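# Tertiary structure, described
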Amino acid sequence: MSMKPYESPWMDDDLRMLREAVSRYVETEMLPKDARWRAQHHVDRETWRDVGAAGFLLMDVPAEYGGGGGDFRHEAVLYEELARRGISGFGQGVHSIAAHYVLNYGTEEQKHRWLPRMARGELIGAIAMTEPGAGSDLKGIRTRAVRDGDEYVVNGSKIFITNGSIATILMLVVRTDPGDRSRGLSILMVETEGLKGYRVGRVLDKMGMTAQDTSELYFEDVRVPADTLLGLVEGKGMHQLMGDLPYERLTIALGGVAAMEGAVAETAKYVRERKAFGHAIGEFQNTRFRLAEIVTITRVARTFVDKCIEQLVKGELDTETAAMAKWWVTDMQQQVMDECVQLHGGYGYMNEYLVCRMFADSRVQRIYGGTNEIMKELISRSV
Ligand SMILES: Cc1cc2nc3c(=O)[nH]c(=O)nc-3n(C[C@H](O)[C@H](O)[C@H](O)COP(=O)(O)OP(=O)(O)OC[C@H]3O[C@@H](n4cnc5c(N)ncnc54)[C@H](O)[C@@H]3O)c2cc1C
């Protein structure tokens, strides 16, 4: 019996229709712009409203808050269609994650205030946690928010913020109590349009993901209304951050496996067409074995990620399992991308080739969203 094309067990007819619509949209409205986005180091702001108008933002947020009323499977379709084509600049991941913090921890009023505008792409979300002195060790966050009447006054800086230069709503992690490393953190949802004392620093020059405007952010006596405090409770920042990590880690693993699928398909096509020594390079035993290996790795990764998606939809994905998916899939992603570049020869080193861009883009997957070492720390505690 020959191998059937794989389809995720969580797909159904509705999701197949959604995939068709998303895939058509990505192919016609986003892919042709990717080279320009990479050159200018950010995605056009208008694209956000456009994707929102198409109904592809916050697909797993309830309709009463302006979302699509679906679940993570709907979101997954968008992640997959983007990652498969190597579109890594559109930061819908952090946008969705920021929205989920509002959904899970915001007051009813806060959900109505921010989620519908985020679903329409009128507000572009970012997560602002990392600081020059606090990455893996988030308890080291120093950006300070001091209550002053009905406002907080914020001073400090953030680094490596995805969507940083175009974001109009920040999920900003601040220190509200300097005396308590862990319980002294809080989250403010900060709208940045016209905000005095707020400044976007450099859009950072990166190895890959060049269409992504990863930026520095600065806060100098920035005054924000006290009712931007997520859930209107101080000191719960760390607790809130920990609660939503499986979601974030699964999005990274899913992007990783979809990119692997895209790269493997592209490479399989390439080796059939490229000739050397009078043969298609795909006829050499080495090429066939390499392809067999990366197809296998990709399928094993996909099967595990699909299981995680099903668990997340049921509300059963635990932190350790999500951490396993994050570290293993992203490690494998890099290995697979390396093989795909190798099988492309010199062309694989050229940016105009998909596998070249994917190779460079994949490196950071092992670093952000909690480094792979931190994932192993987490897993080891449960062994
Ligand atoms: C392209 C990009 C996009 C990003 N987007 C965002 C974003 O949108 N929002 C945001 O807030 N942050 C973002 N980040 C930041 C990212 O999450 C951090 O870079 C990451 O968490 C690591 O922190 P660090 O860079 O300070 O490294 P460090 O924490 O200094 O780590 C350096 C090395 O030490 C290791 N290490 C640290 N602690 C331990 C330990 N306990 N045990 C073993 N090893 C350890 C790490 O694994 C790593 O290998 C982004 C980063 C990049 C590069």
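Residues numbered from 1 in each chain as written. Predicted model: local features only at pLDDT ≥ 70, side-chain atom pairs only at ≥ 80, totals over all residues.

Further remarks concern the overall build of the protein chain. Looking only at helices and strands, the protein chain has twelve helices and nine strands in total. Here the protein chain has a C-alpha radius of gyration of 21 Å; the compact-globule value for 383 residues is 21 Å, and the two agree. Principal-axis analysis of the C-alpha atoms gives the protein chain an extent of 80 × 45 × 40 Å. Counting the 383 residues in the protein chain, one finds 48% classified as buried. Contacts in the protein chain between residues at least 24 apart in sequence constitute 74% of all its contacts with a sequence separation of at least 6. (Helix = DSSP H or I, 4+ residues; strand = E, 2+ residues; numbered from the N terminus. Rg over C-alpha atoms; globule rule 2.2 N^0.38 Å. Buried ≥ 20, exposed ≤ 12 C-beta atoms within 10 Å, placed from the backbone. Contact = placed C-beta atoms within 7 Å.)

A word on the site of the ligand. If you check the shell around the ligand, you find 21 residues, and the closest are Met-129, Gly-135, Ser-136, Thr-162 and Thr-371. Only strand E1 (125-128), strand E3 (151-161) and helix H12 (372-381) provide two or more residues apiece to the shell around the ligand. Element by element, the count of residues in the shell around the ligand is highest for H12, at three residues. Here the shell around the ligand is composed, by residue class, of eleven nonpolar, seven polar and three charged. For the shell around the ligand, the domains that each give at least three residues are domain 2 (125-234) and domain 3 (244-381). (Near = placed C-beta within 6 Å. Nonpolar A, V, L, I, M, F, W, Y, C, P; charged D, E, K, R; others polar. Domains from an automatic or database assignment.)

Turning our attention to helix H10 (residues 319-343). In this model, H10 (25 residues) spans 36 Å end to end at C-alpha, consistent with the 36 Å of a helix rising 1.5 Å per residue. Gly-345 sits one or two positions beyond H10 and adopts a positive phi of about 60 degrees. (Expected span 1.5 Å × (residues − 1).)

Turning next to the pairing of E1. The two faces of E1 match: Gly-125 and Ile-127 on one face and Ala-126 and Ala-128 on the other face are all buried. The pairing of E1 with strand E4 (residues 169-175) spans four bridges and is parallel. Opposite Ala-128, over in E4, you have Leu-172 as the bridge partner. (Pairing = 2+ DSSP bridges.)

Bridge count between E3 and strand E7 (residues 215-225): eight bridges; the pairing is antiparallel. Residue pairing in the sheet places Tyr-152 in a bridge with Val-224 of E7. Pairing of strand E6 (residues 198-203) with E7, which is carried by four bridges, proceeds in the antiparallel orientation. Within the sheet, the bridge partner assigned to Arg-199 lies in E7 and is Tyr-218.

Another aspect to go through is the nonpolar core. Counting 108 residues, the largest nonpolar core has Leu-115, Ala-128, Leu-188 and Leu-250 as its most contacted members. Discounting residues that sit within four places of it in the chain, Leu-188 has contacts with Ala-145, Tyr-152, Leu-172, Val-174, Val-224, Thr-228, Leu-229 and Leu-230. (Core = buried A, V, L, I, M, F, W, Y, C linked by C-beta atoms within 7 Å.)

This brings us to the domain arrangement of the protein chain. One can read the domain layout of the protein chain as domain 1 (13-119), domain 2 (125-234) and domain 3 (244-381). If you look at the interface, domain 1 gives 16 residues, while domain 3 gives 17 residues. Looking at the side of domain 1 that touches domain 3, the elements that each hand over two or more residues are helix H4 (72-84) and helix H5 (92-105). Per-element accounting of the side of domain 1 that touches domain 3 gives the leading share, seven residues, to H4. Taken together, the residues of the side of domain 1 that touches domain 3 sort by class into six nonpolar, five polar and five charged.

A few words on the environment of Asp-150. Mapped onto the elements, Asp-150 comes out in the loop between strand E2 (144-148) and E3. For the pair Asp-150 and Pro-225, spaced 75 residues apart in the sequence, the C-alpha separation amounts to 6.0 Å. Once you skip the residues sitting within four places of it in the chain, Asp-150 turns out to touch Pro-225 and Ala-226.

At a closest axis distance of 9 Å, the pairing of H10 and H12 adopts a crossing angle of 145 degrees. For the element pair H10 and H12, the recorded crossing hand is left-handed. On the side of H10, the interface is formed by Thr-319, Glu-320, Ala-323, Met-324, Lys-326, Trp-327, Thr-330 and Asp-331, while H12 contributes Asn-372, Met-375, Lys-376, Leu-378 and Ile-379. Within the contact of H10 with H12, the residues separate by chemical class into six nonpolar, three polar and four charged. (Axes fitted to C-alpha atoms, helices over the stretch in contact; angles between N-to-C directions. Left-handed = near helix turned anticlockwise from the far one by under 90°.)

Right, let's get into unusual backbone geometry. The backbone phi angle of His-41 is positive, close to 65 degrees, even though this residue is not glycine. For His-41, the location among the structural elements is in the loop between helix H2 (34-40) and helix H3 (45-53). Residue Asn-163 is not a glycine yet carries a positive backbone phi of 70 degrees. Mapping Asn-163 onto the fold places it in the loop between E3 and E4.

With that settled, the discussion passes to the environment of Met-350. Inspection of the secondary structure assignment puts Met-350 in the loop between H10 and helix H11 (354-362). Using a count of 12 C-beta atoms within 10 Å as the deciding quantity, one classes Met-350 as exposed. Distance from Met-350 to His-41, taken between C-alpha atoms, is 18 Å for residues 309 residues apart in sequence.

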